[in-house]
Amino acid sequence: MPWASWGLAHVRKQKDVPKFGAGSSRDLSSNFHYIFSNSLANPRLFFLAMPPSTYARAAKVVCGFGAVAFGVYLGYENRHRTTLRASWTTNFKPSVEWDWNWDRREPSSLVKPSKTEDEKDSNEYNVKVEAVKSKANRHLIFIRHGQYNMSPKSDEGRKLTGLGKEQATFTGKRLQELSKELGDFDLVIQSTMTRAMETAQIISGFLPKVPSKSCELLREGAPIPPEPPIGHWRPEPSQFYEDGARIEAAFRKYVHRADAEQTVDSYEVFVCHANVIRYFVCRALQFPPEAWLRISLNHGSITWLTVRPNGRVVLKALGDSGHIPVDKLTTS
C-alpha cells in the first residue's frame, strides 16, 4: 500500500481523534497533538496524514518559524562578524592607543584655539599651528658606562676597571665610525657619577669636536618599583620617591620632539646608567614604565631612540654591543 494511503487510513481508524479540518482551533490542536506524538514512531505520518487545508495552515506556521529563525541567525552572524573584524588584521582597536601629545609638544596643544568659527580666525589659528610644528628628527644615543669597581661604598671610589676602560674605548671607536656616516654629533651629555664621567672622557677622545656637559639628573637610581619585583634588589620606598622624580625630570628634559626652530636632524650622546636608559625606553615607547627591569644592558652598549617631528618614537637599537668582543662583554 502506498505510504500516503496508509497514513490516511491509519489516522481515520483512530475513532477517539476528531477528523482533520474540523475548523476549530481546539480540533486543530488535538489533531496536531496526535500527529506529533505518533510521528515519533513514524516521522512520515506528520506530513502524509494531513488533508490539503490543514497542510497549508501548517506550512504557514512552519514558514513563520523559519523566518524568525533565519532572522535570529542573521543577527548572530552580524555579531559574530563584528567580533571577527576586531582582529589583528582588520579594524583592530588597540588596547592602548598612542598618545600623540606625550611630550606636551603637539602643535594643537601649544596654540590657543580660535574663539569663533570665523574664517579669518581659523586661518590665523592654522598659521600659528604650522609655526610651532617640529620639522626635524632628534636622535638620542644612550651609552651605558663601562664596568666599574663595586667594592667601595662612595661614588668617588667606584671607578672603571681595566675592562671597563676597554669597553669604553670600543664604544668610542664605534661612535667615531658612526659620525663618519651621520656627521658630527651635536653634544655629549654625561651623568655626574664617576663611572659615567670616566666613560664619557674616553669616548670624547674619539669625538674631539663634540662639546660635552654634565647633568645630575642622569645619575643612577631607582626610577619606579619594577613589575615583577626582584628579590635581591629592594630599595626603600623613599628612594623610589626621590630617584623616580629626578629620573622622570631627566626624561622630560631630554626626550621630546625637536623645537620648531630646529630645521636639521640632531644627534646627541648620553653617557649614563642602565636603570635610567631602561626607564627612558619604556617611557618613550609608551610601555608600562614598571617593566624597565625586564631589560638587560651590557656595559658600553648603545641604545638609540629617534623622536620624529610628529611625535612618533622609533627604537633603532637596544643595548647594541656588537662592537665589543664577546670575551669583553659584562653586565655587572
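Residues numbered from 1 in each chain as written. Predicted model: local features only at pLDDT ≥ 70, side-chain atom pairs only at ≥ 80, totals over all residues. Heavy atoms only, no water.

Visitor: In this structure, what is going on with the pairing of strand β5 (residues 302–307)? I would like to understand it.
Guide: For a regular strand, the rule is simple: side chains alternate between the two faces of the sheet. Within β5, six of the six residues are buried, which leaves it mostly tucked inside the rest of the structure. Of the two faces of β5, the one carrying I302, W304 and T306 and the one carrying T303, L305 and V307 are both buried. Where strand β1 (residues 138–144) and β5 come together, six bridges link them in antiparallel fashion. Bridge pairing in β5 links H139 to T306. Where β5 and strand β6 (residues 313–320) come together, five bridges link them in antiparallel fashion. Within β6, the position partnered with W304 by the bridge is A317. (Buried < 20%, exposed > 50% of the residue type's maximum accessible area, 1.4 Å probe, protein only. Helix = DSSP H or I, 4+ residues; strand = E, 2+ residues; numbered from the N terminus. Pairing = 2+ DSSP bridges.)

Visitor: Hey, could you run me through helix α9 (residues 237–254) in this one?
Guide: Between its first and last C-alpha, α9 extends 26 Å over 18 residues, near the 26 Å set by a 1.5 Å rise per residue. Every buried residue of α9 is accounted for by F240, D243, G244, R246, I247, E248, A250, F251 and Y254. Against β1, β2 (187–191), β3 (212–215), β4 (266–272) and α10 (274–284) lie the buried residues of α9. (Expected span 1.5 Å × (residues − 1). Contact = heavy atoms within 4.5 Å.)

Visitor: What is the right way to read the packing of α9 against α10 from this model?
Guide: Helix packing for two helices is described by the angle between their axes and how far apart those axes are. Contact geometry of α9 with α10 gives a least axis separation of 10 Å together with a crossing angle of 60 degrees. As summarised for this structure, α9 and α10 are arranged oblique, according to the angle between their axes. Judged by the sense of rotation from one axis to the other, the crossing of α9 with α10 is right-handed. Residues I247, E248, A250 and F251 of α9 form the contact with α10, whose participating residues are V276, Y279, F280, R283 and A284. Within the contact of α9 with α10, the residues separate by chemical class into seven nonpolar, no polar and two charged. (Axes fitted to C-alpha atoms, helices over the stretch in contact; angles between N-to-C directions. Parallel < 35°, antiparallel > 145°, perpendicular 65-115°, else oblique. Left-handed = near helix turned anticlockwise from the far one by under 90°. Nonpolar A, V, L, I, M, F, W, Y, C, P; charged D, E, K, R; others polar.)

Visitor: Teacher, can you tell me more about unusual backbone geometry here?
Guide: Excluding glycine, most residues fall at negative phi; most peptide bonds, likewise, are trans. The step from E227 to P228 runs through a cis peptide bond, and the omega angle for that step is 0 degrees. A positive phi angle is found at R104, which is not glycine, with a value near 60 degrees. With respect to the helices and strands, R104 occurs in the loop between α4 (52–85) and α5 (107–110). Of note, the phi angle at Q286 is positive, near 60 degrees, even though the residue is not glycine. With respect to the helices and strands, Q286 occurs in the loop between α10 and β5.

Visitor: Would you explain the packing of aromatic side chains in this entry?
Guide: What describes a pair of aromatic rings is the distance from one ring centre to the other and the angle between the planes of the rings. This model, assessed by the stated rule, comprises nine aromatic pairs. Ring geometry for F142 and F280: centres 5.7 Å apart, planes at 75 degrees, overall edge-to-face. Here F142 is found in strand β1, whereas its partner F280 is found in helix α10, with 138 residues between them in sequence. Of the two residues examined, F142 and F280, each falls in the buried class. What links up through ring pairs into an aromatic cluster is the set W102, F142, F251, Y254, F270 and F280. R195 extends its terminal NZ or CZ atom over the ring of Y148, reaching a point 4.1 Å from the ring centre. Taking NZ or CZ as reference, K316 lies 4.8 Å from the ring centre of W304, over its face. (Phe/Tyr/Trp six-rings, centres within 6.5 Å; stacked < 30°, edge-to-face > 60°. Lys NZ or Arg CZ within 6 Å of the ring centre and 35° of its normal.)

Visitor: What's the story with the side chain of E268 in this structure? I'm lost.
Guide: With respect to the helices and strands, the residue E268 is situated in strand β4. A polar side-chain atom of E268 sits 2.8 Å from a polar atom in the side chain of R138. Those residues in contact with E268 that lie beyond four places of it in its chain are R138, H139, L140, I141, L187 and I189. (Polar contact = N/O pair within 3.5 Å; in protein donor to acceptor, adjacent residues only side chain to side chain.)

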